[in-house]
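The lines below spell out each chain.
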Amino acid sequence: MLSRRSFLNATIGAGAALATHGPQRAAAQANRRMIVDAQVHLWKAESEDWKWVPGVVPQLPEPFTIERLVPMMDEAGVDRVVIVPPSWPGDRNDYALEAVRRHPTRFRIMGKVPLQDPRSAALLPKWREQPGMAGLRVIFNTPQTLPWLTDGTVDWFWAAAEKAELPVMCFAPGGTSAFGRVAERHPQLQLILDHMGTGAAMVRDNTITEAIGQTVALAKHPNISVKVSASPGLSLEPYPWRDVAVHIKRVFDAYGPQRSYWGTDLTNTYAKGGYRQRISHFTEELSFLSESDKDWVMGRAIVQRLKWT
């Protein structure tokens, strides 16, 4: 977790990075293609009516609010953002819904439900009636939740999401192989693998290559796609994070431009660089992406997958 001083320094650094590239260049980028960030967490300060889960620590020491994000989007030329509600407020989507109410053309939500409660299935048939709700996001990244992928705990969820025609973003770093069974049993269910199936802890554990391998192996399932997101968190280098290019290319080669989605997970790697750098990383530094590829990866593909008109 960043200290307050580190957070402020990172904020200054991010602003400097934006200034270096310049708003005119960002505007030109936006005019050239639609830019859609496939994952950003938003949260407000903890209060009596907005409590956090005990023991769960936010990614930044300061809230990352609607008021913070929208100017950053404008400055960098980001047209739209998919909001993924964070873990620390629990299974609630109200602040994301507020963002859509205030900016209905710029945000969509991959919301959360209590996975451990099969009664949540009753929520899904009318899920899209909530303004801005595009689908769901599920997390399997702890000793408690990882077994749910294979022990039957969440089998109800896959069936209910498929029936409701809701795409599902799935975060299971190092555990994506389990989604092969899900994809086979529910061929109409659209599964989107978060962050290439990796997590920042894999840098320390030296397990990134193995996790990428699991994700690549799932490309044979037409109902599985992938977010090539949060890649700066896997890098041991400064921008342009050249050591992660091999992983991005491996995933992109397997899934192709129409099943690969750029995203930042901005708050999880905030000190790594500004919004403009995260855009130019893909649009200027990855030579294996054609201009057509970039159009898809940077926005067109995720908009199509989520049926965001």
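Refer to the structure above for everything that follows.
Residues numbered from 1 in each chain as written. Predicted model: local features only at pLDDT ≥ 70, side-chain atom pairs only at ≥ 80, totals over all residues. Heavy atoms only, no water.

Engineer: Whenever I open this one, unusual backbone geometry confuses me. Can you help?
Structural biologist: Trans is the common state for peptide bonds, and a negative phi is the common state for residues other than glycine. At the junction of Tyr239 and Pro240, the peptide bond is cis and its omega measures out at 15° in the coordinates. Looking at the element boundaries, Pro240 is found in the loop between strand S7 (224-229) and helix H9 (245-255). The residue Asn206 is not glycine, and still its phi comes out positive at about 55°. Looking at where Asn206 falls in the secondary structure, it is placed in the loop between helix H7 (201-205) and helix H8 (208-217). One non-glycine residue, Ala230, lies in positive phi territory at about 60°. In this fold, Ala230 is placed in the loop between S7 and H9. (Helix = DSSP H or I, 4+ residues; strand = E, 2+ residues; numbered from the N terminus.)

Engineer: Just to check I follow, could you spell out the environment of Tyr95 for this structure?
Structural biologist: Of note, Tyr95 is situated in helix H4 (residues 94-102). Sequence-distant contacts of Tyr95, defined by excluding residues within four places in its chain, comprise Leu42, Trp43, Lys44, Trp50, Thr65, Ile66 and Glu67. (Contact = heavy atoms within 4.5 Å.)

Engineer: Looking at this structure, I do not really get the packing of helix H10 (residues 275-284) against helix H11 (residues 291-305). What am I missing?
Structural biologist: Between two packed helices, what matters for the description is the angle formed by their axes and the separation of those axes. Packing of H10 against H11 leaves a shortest axis separation of 10 Å and a crossing angle of 150°. The angle between H10 and H11 places the two elements in the roughly antiparallel class. Taken together, the residues of H11 that come into contact with H10 (itself represented by Ile279, Phe282 and Thr283) are Lys294, Val297 and Met298. For the contact of H10 with H11, the per-class residue count stands at 4 nonpolar, 1 polar and 1 charged. (Axes fitted to C-alpha atoms, helices over the stretch in contact; angles between N-to-C directions. Parallel < 35°, antiparallel > 145°, perpendicular 65-115°, else oblique. Nonpolar A, V, L, I, M, F, W, Y, C, P; charged D, E, K, R; others polar.)

Engineer: I'm lost on helix H3 (residues 66-76) in this one. Help?
Structural biologist: In an α-helix, one turn spans 3.6 residues; hence positions three or four apart end up facing the same way. All buried positions along H3 are accounted for by Ile66, Leu69, Val70, Met72, Met73 and Ala76. Seen end-on, H3 carries its buried residues on one side only, within an arc spanning 165°. With its phi angle positive at about 85°, Gly77 sits one or two positions after the end of H3. (Buried < 20%, exposed > 50% of the residue type's maximum accessible area, 1.4 Å probe, protein only. Arc of directions from axis to C-beta.)

Engineer: Looking at this structure, I do not really get the pairing of strand S4 (residues 133-139). What am I missing?
Structural biologist: For a regular strand, side chains alternate in direction, first toward one face of the sheet and then toward the other. S4 sits mainly inside the fold: 7 of its 7 residues count as buried. Judged from the 3 bridges that link them, strand S3 (residues 107-111) and S4 form a sheet pairing that is parallel. Following the sheet pairing, Met110 is matched in S4 by Gly135. In this structure, S4 lies alongside strand S5 (residues 168-171), joined through 4 bridges in parallel fashion. Among the inter-strand pairings, Val138 is bridged to a residue of S5, identified as Cys170. Read as a crossover between parallel neighbours, the route from S4 over helix H5 (residues 155-163) to S5 is right-handed. (Pairing = 2+ DSSP bridges. Right-handed = clockwise from strand over helix to strand, strands pointing away.)

Engineer: Hey, could you run me through the packing of aromatic side chains in this one?
Structural biologist: Aromatic rings considered in pairs are described by the distance between their centres and by the relative angle of their planes. Enumeration over the complete set of coordinates arrives at 11 aromatic pairs. Judged by centre distance (6.0 Å) and plane angle (90°), the rings of Trp158 and Phe179 are edge-to-face. Of the two residues, Trp158 sits in helix H5 while Phe179 sits in helix H6 (residues 179-185), which places them 21 residues apart along the sequence. Like Phe179, Trp158 is buried. Grouped by ring-pair contacts, the aromatic residues Phe140, Trp156, Phe157, Trp158 and Phe179 constitute a single cluster. Just above the ring of Trp296 sits the side chain of Arg300; from NZ or CZ to the centre is 4.0 Å. (Phe/Tyr/Trp six-rings, centres within 6.5 Å; stacked < 30°, edge-to-face > 60°. Lys NZ or Arg CZ within 6 Å of the ring centre and 35° of its normal.)

Engineer: For this particular structure, what's the right way to read H9?
Structural biologist: All of the buried residues in H9 are His247, Ile248, Val251, Phe252 and Tyr255. The arc that holds the buried residues of H9, viewed along the axis, is 125°, so those residues lie on one side. Looking at the buried positions of H9, the neighbouring elements they touch are strand S6 (191-193), H8, S7, strand S8 (260-263), H10 and H11. Gly256, located one to two residues past H9, shows a positive phi value of around 80°.

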